[in-house]
Amino acid sequence: MGMHAAARLARPGGLLLPLCVLLGAVLAYVSITSILSGRIEELAYVCIAIVVVSFVLMMLKNWRTGLYLFLTWLLFEDLIRKYMGNNMAIYFGKDAMIAVVYISFFAALRRKEAQRFRPPFLIPFLVFFWFGVIQVFNPGSPSIFFGLLGLKLYFYYVPLVLIGYALLDSEEDLRKFFGVNLALAAIIGTLGIIQAVLGHTFLNPEHPQEDIRLLSELYRPTSVAGVNIYRPTSVFVSDGRFTSYMMLAWIMAFGFGGYLLLRSRKGRFLSFACLGIISLAIVLGGGRGPLLWTAGSALICAAAFLWGAPWRQGEVLRVIRSLQRALLIGGLALLIFFFAYPDALLSRFAFYSETLSLDSPTGELIYRARDYPIQNFLNAFQNPRWPYGYGTGTASLGVQYVARILHYVSPAGGTENGFGSIVLEMGILGLLLWLFWTSALVVAGWNVVRKLRGSPWFPLGFAIVWFTFLLLLPMTYNGLQVYQNFVMNAYLWLLIGVLFRLPHLALTAQSSAAAAQKPHLRAG
């Protein structure tokens, strides 16, 4: 019955008009009373409510439009939250918005207006999912709210894999999706670059809320150079979320640029310009992990693109040209910035050199990359409940909010190793099931990429598989918060859906090309 009601609401010309009139009257009344009484803060919330309601109405009418609105809100939500005192109602705004997109999408599925998709890794994933649900009721968990938090962080954005698959009906849809996302990434990267120069006073309130104040004012000292470098947050509340997103955006830009170079001239400039901006933002971000992950991704993707190039068609030179352009644009962006703001760039280079060089007395590369994660992983097995854990969510991102609001303290303690966190939550079996379903996903994705070898879609497909592998295994090993970061998690599942749709787009393009050649053959 509920789905029928949702379908009637989502149908164009359904209940949207009377609902819009009703909500408009309510918001108008609240706005007038706020202005007359001088309560400006309430008026700000009313403005946000008007925007959100407008988004909801558009989402119900068209789930594709709703998806782009959701992604925009997802990326800029932190900026609003920073200036609204870290209001948690705003924090959960994205979850309400994607719920509306889900309703609209599944209503479209019911009307057979969207493509259905059954993921090939579904069974392994469902095994882990239901094990996570069972772990919500683990006797070691002090409250079910920890379990609900964990389920949200692990699984709430999983339906985006279905939406990502159904989103792309043509190559035009593919170019639109990556074009919009790279434009958003370029804007966020540019703001981060400006903030790296101006400091924490840019894009941060004068008196930020205490929970996020230290995150937005983080400076790192250099021992030898004797300067402090600011780690920009851009539109986010933390530098880690900013640099992680930049790394994701770099992989998307690199893969999409390779596709465009082999397939279409349209959009090439945007792709490579975004690549230059994002590369510069990563260097200025001050995050050693994202910098190394991006550098490693560049090497792996470059080698893979050469391996998967369409050698038979003689287009391997285009792939080589693509790699040359990526390297040239990244270097050009650094060179231009060096002449404009040499101190800002040189101070970051000094920080990286001091902390990453193997011969530096203050080097931390071996310790942070090998010793520290292993130590934290082994520490999880010092806990007496490592065979069965404390329950889903007890060692997850955001447990401090459960403790503050509901006055429940997680007994799981903490570890900065992601696999160790899974052991503390779900026990050793939970970790084995995590490795089982993530490996099944990566293998299924790799099988898709192998089919795309020799085609223009290969660079894009490989970039998505590489990001999937990177996030679910080595990066999650270093810290579970990377997977549970809502930006990375949402894009992960959305891009997985896009990946499994690529063979359909390739087949459609081949059929169209063959159909276009038939008249010429007949004429001959």
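Below is a short write-up of the structure. (Residues numbered from 1 in each chain as written. Predicted model: local features only at pLDDT ≥ 70, side-chain atom pairs only at ≥ 80, totals over all residues. Heavy atoms only, no water.)

### What to know about the packing of aromatic side chains
- Scanning the entire structure with this criterion turns up 48 aromatic pairs.
- A centroid spacing of 6.0 Å and a plane angle of 70 degrees characterise the contact between Phe 128 and Tyr 154, whose relative ring orientation is edge-to-face. Taken together, the residues Phe 128 in helix α7 (residues 122-135) and Tyr 154 in helix α8 (residues 144-155) connect sequence positions 26 residues apart. The pair Phe 128 / Tyr 154 is uniform in exposure class, with both members buried.
- Ring plane angle 50 degrees and centroid distance 6.3 Å describe the contact between Tyr 245 and Tyr 491, whose orientation is recorded as tilted. In this pair, Tyr 245 sits in helix α12 (residues 239-263) while Tyr 491 sits in helix α22 (residues 486-523), placing the two residues 246 residues apart along the sequence. The two residues Tyr 245 and Tyr 491 agree in class, both being buried. (Phe/Tyr/Trp six-rings, centres within 6.5 Å; stacked < 30°, edge-to-face > 60°. Helix = DSSP H or I, 4+ residues; strand = E, 2+ residues; numbered from the N terminus. Buried < 20%, exposed > 50% of the residue type's maximum accessible area, 1.4 Å probe, protein only.)

### Some remarks on helix α9 (residues 160-167)
- The buried fraction of α9 is high, at seven of eight residues.
- For α9, every residue scored as buried is listed here: Leu 160, Val 161, Ile 163, Gly 164, Tyr 165, Ala 166 and Leu 167.

### Observations concerning empty space enclosed by the protein
- According to the stated counting rule, one finds three cavities of 30 Å³ or more in the structure shown.
- Roughly 70 Å³ of internal volume is contained in the largest cavity.
- Forming the boundary of the largest cavity are Tyr 91, Lys 94, Lys 152, Leu 153, Tyr 157, Leu 397, Gln 484, Phe 486 and Asn 489.
- Mapped by element, the contributors of at least two residues to the lining of the largest cavity are α8 and α22.
- Partitioning the lining of the largest cavity into residue classes produces five nonpolar, two polar and two charged.
- In this model, the second largest cavity occupies a volume close to 50 Å³. (1 Å grid on protein atoms, 1.4 Å probe; cavity = no way out; pocket = protein on both sides within 12 Å on 5 of 7 lines; lining within 4 Å. Points joined across faces, edges and corners; volume = space filled by probe spheres on them. Nonpolar A, V, L, I, M, F, W, Y, C, P; charged D, E, K, R; others polar.)

### Section: the packing of helix α10 (residues 171-198) against helix α13 (residues 268-285)
- With their axes 8 Å apart at the nearest point, α10 and α13 run at an angle of 35 degrees to one another. As for the relative orientation of α10 and α13, their crossing is left-handed in sense. Contact residues: α10 offers Gly 179, Leu 182, Ala 183, Ala 185, Ala 186, Gly 189, Thr 190, Ile 193 and Ala 196, while α13 offers Leu 270, Ser 271, Cys 274, Ile 277, Ile 278, Leu 280, Ala 281 and Leu 284. (Axes fitted to C-alpha atoms, helices over the stretch in contact; angles between N-to-C directions. Left-handed = near helix turned anticlockwise from the far one by under 90°. Contact = heavy atoms within 4.5 Å.)

### Describing the nonpolar core
- Of all hydrophobic cores here, the largest spans 149 residues; its most connected members are Phe 70, Leu 160, Tyr 245 and Trp 493.
- Top element by residues in this core is α22. It accounts for 17 residues.
- When near neighbours in sequence (up to four residues on either side) are disregarded, Leu 160 contacts Leu 67, Phe 70, Ile 98, Tyr 102, Ala 490, Trp 493 and Leu 494. (Core = buried A, V, L, I, M, F, W, Y, C linked by side-chain atoms within 4.5 Å.)

### Details of the pattern of salt bridges
- Within this structure, the stated rule accounts for 13 salt bridges.
- Note that Arg 81 is salt-bridged to Asp 78, the shortest N-O span being 2.9 Å. Residue Arg 81 and its partner Asp 78 are located together in helix α4 (residues 63-83), separated by three residues, close to a single helical turn. The pair formed by Arg 81 and Asp 78 is uniform in burial state, with each residue classed as buried.
- Taking the shortest distance from any N to any O, the salt bridge between Glu 217 and Arg 213 comes out at 3.7 Å.
- When its relative accessible area of 26% is taken as the criterion, Glu 217 is described as partly exposed.
- Overlapping salt bridges, with partners in common, bring together Arg 64, Asp 169 and Arg 501 in one network. (Salt bridge = Lys/Arg side-chain N within 4 Å of Asp/Glu carboxyl O.)

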